[in-house]
Amino acid sequence: MIIYFLLAIGLLILLLGGKLLVDGASSIALKLGMNAGLIGLTVVAFGTSAPELLVSINASLKGNSDISIGNVVGSNISNIALVLGLSSLFYPILIRQTHIRFDYSMMLLVTLIFYTLSLDLIISVWEGIFLVISFIAFNAYLLRNLGKGIEKSQEGNPEEFGPVGNYSWAASIGLLVGGTIGLYFGSELLVDNAILISRQFGVSERVIGVTIVAIGTSLPELITSIIAALSKRTDLALGNILGSNIMNILSIIGITAIINPINISEAFIQSDYLWMIGISLLLFLLMRRKMRISQLEGSILLLSYFAYLYFLLWVNL
């Protein structure tokens, strides 16, 4: 029982660390003159992916590449099928042409590039550098093309982040440091105990990575998207999912591979990657159907996720 308790504690510390990191970084960015909209596109978006980043790096350095890759692949699957599916049950998510032409197209392109790079069963240092450069270029494009519109609507509006805008420099730096420390120790607990659980039940680290670890590290996206849906801010809910999937591959896989090349088992190529691509294509069909993801489309996404879990567990148990 102790390993389950430590796993849960590790997950809670990860989530708390991510929240502290976002608050501290957002406060510092506001003090440096960044507007709230740009902070949302950059600092907050990266902060919600921080748990995946620390877990993947930690797992890779420990020689557990299956958890490292499974964390990202499983998160991308759950972001679309589970998070977006659940969010649409609370309020229909309206689709704009820009979502399909840019956000979705970029996500699918990055996903296919990830699949192609993985076919030789390793993400090398140079491939990691390529992904990180692509990540920087993607964010530079966002800031250049979306920054102007954001500045008009949100310039000088620190209240967008609530009390964060009123923190002192000392408090902001303290939150940033505390969040980083929390992410480190939380990832340690989560990875170590996930490995113990997989060995205890004879389940592969790949299965643990794409299920328990992936769902756990996707909780920030789940919470953000559901709150956005309840607030009827469906652009934020959809953008959070598509942007997170892009960031998971470009930044998390890229940074992890630069630190330590990632070995990939054939099971990922033959199964999980195909599910990731298939569910991404399913999302396109559902988005184009009525230019909205209502309860019906959301239920289909959820069913696809349960089908993936059934197939995954049925094959491996």
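First, a word on what this report is: a plain description of the structure on this page. All figures in this text were calculated on a predicted structure; none of them were measured in a lab.

1. Digging into the overall build of the protein chain
Argument step 1. When its secondary structure is counted, the protein chain shows 12 helices and 4 strands.
Argument step 2. For the protein chain, the residues scored as buried account for 51% of the 317 residues in total.
Argument step 3. Of the contacts formed within the protein chain by residues at least 6 apart in sequence, a portion of 85% connects residues at least 24 apart.

2. What to know about helix 5 (residues 97–118)
Argument step 1. Taking 1.5 Å of rise per residue, the 22 residues of helix 5 would be expected to cover 32 Å, and the 31 Å separating its terminal C-alpha atoms lies within 8% of that figure.
Argument step 2. Of all bends in helix 5, the biggest is about 30°, found at Y104.
Argument step 3. Residues H99, I100, Y104, M107, L108, V110, T111, F114, L117 and S118 constitute the buried set of helix 5.

3. Quick notes on the environment of Y184
Argument step 1. Within the secondary structure layout, Y184 lies in helix 7 (residues 169–201).
Argument step 2. Exposure remark for Y184: the relative accessible area of 42% places this residue in the partly exposed category.
Argument step 3. Taking the C-alpha atoms as reference points, Y184 and L14, separated by 170 residues in sequence, lie 7.9 Å from one another.
Argument step 4. The contact partners of Y184, leaving out residues within four places of it in the chain, are L54 and N58.

4. As for the packing of aromatic side chains
Argument step 1. Within the structure shown, the criterion is met by 9 aromatic pairs.
Argument step 2. Consider the rings of F102 and F138, whose centres lie 6.1 Å apart with planes at 10°: the pair is stacked. Linking F102 in helix 5 with F138 in helix 6 (residues 125–154), this pair joins segments that are 36 residues apart in sequence.
Argument step 3. According to the relative accessible area criterion, F138 is buried, its value standing at 12%.
Argument step 4. Pairing F114 with Y273 gives two aromatic rings, centres 5.0 Å apart and planes at 40°, and the pair type is tilted. Residue F114 is found in helix 5, and its partner Y273 is found in helix 11 (residues 266–290); the two are separated by 159 residues along the sequence. As far as burial versus exposure is concerned, F114 and Y273 are alike and both buried.
Argument step 5. Through a chain of ring-to-ring contacts, the aromatic side chains of W275, Y305, Y308 and F311 assemble into a single cluster.
Argument step 6. Over the ring of F268 we find R206, and its NZ or CZ is 5.9 Å from the ring centre.

5. Quick notes on the pattern of salt bridges
Argument step 1. The full count for this structure, using the stated rule, is 4 salt bridges.
Argument step 2. R289 is the salt-bridge partner of E297, the closest N and O atoms lying 2.6 Å from each other.
Argument step 3. Assessed through its relative accessible area of 1%, E297 is described here as buried.
Argument step 4. In the salt-bridge network here, residues are joined through shared partners; they are K62, E188 and D192.

6. Thoughts on a nonpolar patch on the surface
Argument step 1. A grouping of L32, W169, I173, V177, I181, Y184 and F185 is seen on the molecular surface, where their side chains present a nonpolar patch of about 720 Å² in accessible area.
Argument step 2. You can see W169 is positioned in helix 7.

Parameters and conventions
Residues numbered from 1 in each chain as written. Predicted model: local features only at pLDDT ≥ 70, side-chain atom pairs only at ≥ 80, totals over all residues. Heavy atoms only, no water. Helix = DSSP H or I, 4+ residues; strand = E, 2+ residues; numbered from the N terminus. Buried < 20%, exposed > 50% of the residue type's maximum accessible area, 1.4 Å probe, protein only. Contact = heavy atoms within 4.5 Å. Expected span 1.5 Å × (residues − 1). Bend = angle between axes of the 7 residues up to and from the residue. Phe/Tyr/Trp six-rings, centres within 6.5 Å; stacked < 30°, edge-to-face > 60°. Lys NZ or Arg CZ within 6 Å of the ring centre and 35° of its normal. Salt bridge = Lys/Arg side-chain N within 4 Å of Asp/Glu carboxyl O. Patch = residues over 30% accessible without salt bridge, like charges linked within 9 Å, V, L, I, M, F, W, Y side chains within 5 Å. Areas by Shrake-Rupley, 256 points an atom, 1.4 Å probe, with all protein chains shown as cover.

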